[in-house]
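Commentary on secondary and tertiary structure
Listed below, chain by chain, are the residues.
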Amino acid sequence: MRPFEYIRAQNPNDATQSAADGAIIIAGGTNLLDLMKLEVMAPDALIDINHLELNQIEETENGGLRIGALVTNSELANDIRVRRNWPVLSRALLAGASGQLRNKATTGGNLLQRTRCLYFYDRAMACNKREPGSGCAAREGFNRILAVLGTSEHCIATHPSDMAVAMRALGAEVETLKEGGTTRRLDLDELYLLPGDRPDRETVLEPGELITAVVLPAPVEGRQTYRKVRDRASYAFALVSVAGILKIEDGRITRADLAFGGLAPKPWRDTQVEAILVGNRPTEELFEQAADQLLAEAQGLGDNDFKLPLARRTLVSVLTELTQEARI
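Read on for an overview of the structure. All figures in this text were calculated on a predicted structure; none of them were measured in a lab.

1. Observations concerning the overall build of the chain
- Assigned secondary structure in the chain consists of 14 helices and 11 strands.
- Relative to the globule expectation of 20 Å for 328 residues, the C-alpha radius of gyration of the chain, 20 Å, shows essentially globular dimensions.
- In terms of overall dimensions, the chain has a C-alpha envelope of 60 × 50 × 35 Å along the principal axes.
- Split by element, the accessible area of the chain, about 15,000 Å² in all, is 45% carbon and sulfur.

Given below as C-alpha cells:
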C-alpha cells in the first residue's frame, strides 16, 4: 500500500479546506478503501469526516426529511418515517448491499461511489474514467453490466447506486458546503454529469465541496415500489432497476415518477416516459409505449444487448404492479 497522510476533520470547514488542498474525504470507506487497495485511487491524504455532526435525520418545515450525509444506509432504511412515507427509498437501500456494508456505508458516500466497470478496476486496461485519454477497453470488451443510455464513445460505465435511483424518483436535493463556507443545493440531475469527452468528471462538485445532507420533499400520494434485477438476489449490483411512484384517480394515472438504474452513467429519469403515462388509463399497450420512449436512444454494444428487452419487461412489470388495483 502507498503511504498516505490521515487527517481527522474537526468541523465541516476543516474538511472542505483539506479536500480543497487535495485530500480525499473518507466516511464509511466501503468503496474508497477497495479502490486504494487496487491502486485505482492513490490519495496522498485522507480527511476523515466521521466525527462531524452530519448523522441526523430531521423533519423539514414542509413535511420532508433532511438526511445528514453521515447517516448510514442501515439507519436510513430502517427509519420508521422513511419506511412509512418513502418506502421506495427503504426498499432500494435494503436491496443495495449486504447488511455489513449497509452498517458502514453513508448517505453522502453512496451518492458518490464509483462505477463497478471491470476495466475501471483493472489498471492494466485502458479506461478514460481512471486515466483520461487512455481509451475505453469496455466498448470492445466484456461489457455485460455496462450502460445502454447516456453513454459516449469515451465511456459506457454505469452508476452503481440503488439509493440514488430511488432519490431521483423522489425528487431529492443535495446540500453542499464549499471551501470558505458557501453552500448550495442541487437536484440529482444537476449533481451528476454524463461522460461526454470527460468521463473522469462524474459530478459538478468542486474541489473541496462536501455533501452535508440530502433533502427529501414532502411525501406524495400514490403507490411506490423498487424493482431490482440482478445476477444473484443476496448481493449484486443492478442489471436493471426501476424506482416507481404512481397515483391513480378515477381510473387514470395522475402522477408518475420513474427512475432507472443499471442503464446509464447516472440515475436515469426521462420525463417523456412519465408524460406518456399521465392522464391515461393503465393498459399494457400504454406501458409498452412508455418502454418505447425509455429505450428510443438505447444502444447495446454486444454483451449488454440483453439489457434492452430486460429493461422493457421490468418497466412493464413495475407499472403493472403499481396499477394492479385500478385494473381489476
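2. Focus on the nonpolar core
- In this structure, Ile67, Leu76, Leu89, Leu111, Met167 and Leu216 are the most contacted members of the largest nonpolar core, which totals 36 residues.
- Looking at this core, the elements with two or more residues in it are strand E5 (65–68), helix H3 (73–78), helix H5 (87–94), helix H9 (163–170), helix H10 (188–191), strand E8 (210–216) and strand E10 (240–249).
- Broken down by element, this core gets its largest block of residues, 7 residues, from H9.
- Not counting chain neighbours up to four residues away, the residues in contact with Leu89 comprise Leu76, Val82, Met163, Ala166, Met167, Leu170 and Leu216.
- Residues Leu239, Val242, Ile253 and Leu263 belong to the second largest nonpolar core, which totals 29 residues.

3. A few points about the side chain of Asn128
- One can find Asn128 in the loop between helix H8 (118–121) and H9.
- In terms of polar contacts, Asn128 uses its side chain to reach the backbone amide nitrogen of Ser134, at 3.1 Å.
- There is a polar contact of 2.7 Å between the side chain of Asn128 and the backbone nitrogen of Gly135.
- Not counting the four nearest positions on each side in its chain, Asn128 is found in contact with Gly133, Ser134, Gly135, Cys136, His154, Pro199 and Asp200.

4. Things to note about the layout of surface pockets
- Approximately 450 Å³ is the volume found for the second largest pocket.
- Lining the second largest pocket are 22 residues, and of these Arg116, Ile145, Ala236, Phe237 and Ala238 lie nearest its centre.
- In terms of residue class, the lining of the second largest pocket is built from 11 nonpolar, 6 polar and 5 charged.

5. Things to note about the sheet that holds strand E3 (residues 45–48)
- Ordered in space as E1-E3-E2, the 3 strands form an open sheet in which the pairing is parallel. Edge strands, defined here as strands with exactly one partner in the open sheet, are strand E1 (5–8) and strand E2 (24–26). Pairs of neighbouring strands in the sheet enclose a mean axial angle of 30°, with direction left out of account.
- Both E2 and E3 contribute to a ladder of 3 bridges, which runs parallel. Bridge pairing links Ile26 to Asp48 in E3.

6. Overview of the pairing of strand E11 (residues 252–261)
- Across the 10 residues of E11, 7 count as buried, placing the element largely inside the fold.
- Of the strand pairs in this sheet, E10 and E11 are connected by 9 bridges, and their pairing is antiparallel. Among the inter-strand pairings, Leu246 is bridged to a residue of E11, identified as Ala256.
- Taking the residues that link successive antiparallel strands as the turn, the E10-E11 hairpin has 2 residues, and the phi of Asp250 there is positive, at about 50°.

Calculation rules
Residues take numbers from 1 onward in each chain, read along the sequence in its written order. Side-chain atom pairs in this predicted model are given and counted only at pLDDT of 80 or more, local residue features only at pLDDT of at least 70, and totals for whole chains, interfaces and linings cover all residues. With hydrogens and water stripped out, all remaining heavy atoms of the structure feed into the side-chain values. Note on conventions: DSSP H or I runs of at least 4 residues are helices, E runs of at least 2 residues are strands, and numbering of each starts at the N terminus. Throughout, the radius of gyration refers to the C-alpha atoms, and the reference size of a globule is 2.2 Å times the residue count to the power 0.38. Only the protein chains shown count as cover for residues, and the accessible areas themselves come from Shrake-Rupley with a 1.4 Å probe. To define a nonpolar core, start from buried Ala, Val, Leu, Ile, Met, Phe, Trp, Tyr and Cys residues and group those joined through side-chain atoms within 4.5 Å. Here the term buried applies to any residue with accessible area under 20% of the maximum for its type, exposed to any over 50%, and partly exposed to those in between, with areas from a 1.4 Å probe on protein chains only. We call two residues in contact whenever any of their non-hydrogen atoms come within 4.5 Å of each other. We call two N or O atoms a polar contact when they sit within 3.5 Å, provided that within protein one can donate a hydrogen and the other can accept it, with sequence-adjacent residues counted only if both atoms are side-chain atoms. In this analysis the probe radius is 1.4 Å and the grid spacing 1 Å, with only protein atoms considered; a cavity is a set of points the probe fits into but cannot get out of, a pocket is an open set with protein on both sides within 12 Å along at least five of seven lines, and lining residues have an atom within 4 Å of a point. Grid points are joined across faces, edges and corners, and a volume is the space filled by probe spheres set on the points. Amino acids are sorted into nonpolar (Ala, Val, Leu, Ile, Met, Phe, Trp, Tyr, Cys and Pro), charged (Asp, Glu, Lys and Arg) and polar (every other residue, Gly among them). Strand pairing is assigned whenever DSSP detects at least two bridges linking the two strands. Angles shown run from 0 to 180 degrees and are taken between the N-to-C directions of axes, each axis being a line fitted to C-alpha atoms and, for helices, limited to the stretch in contact.

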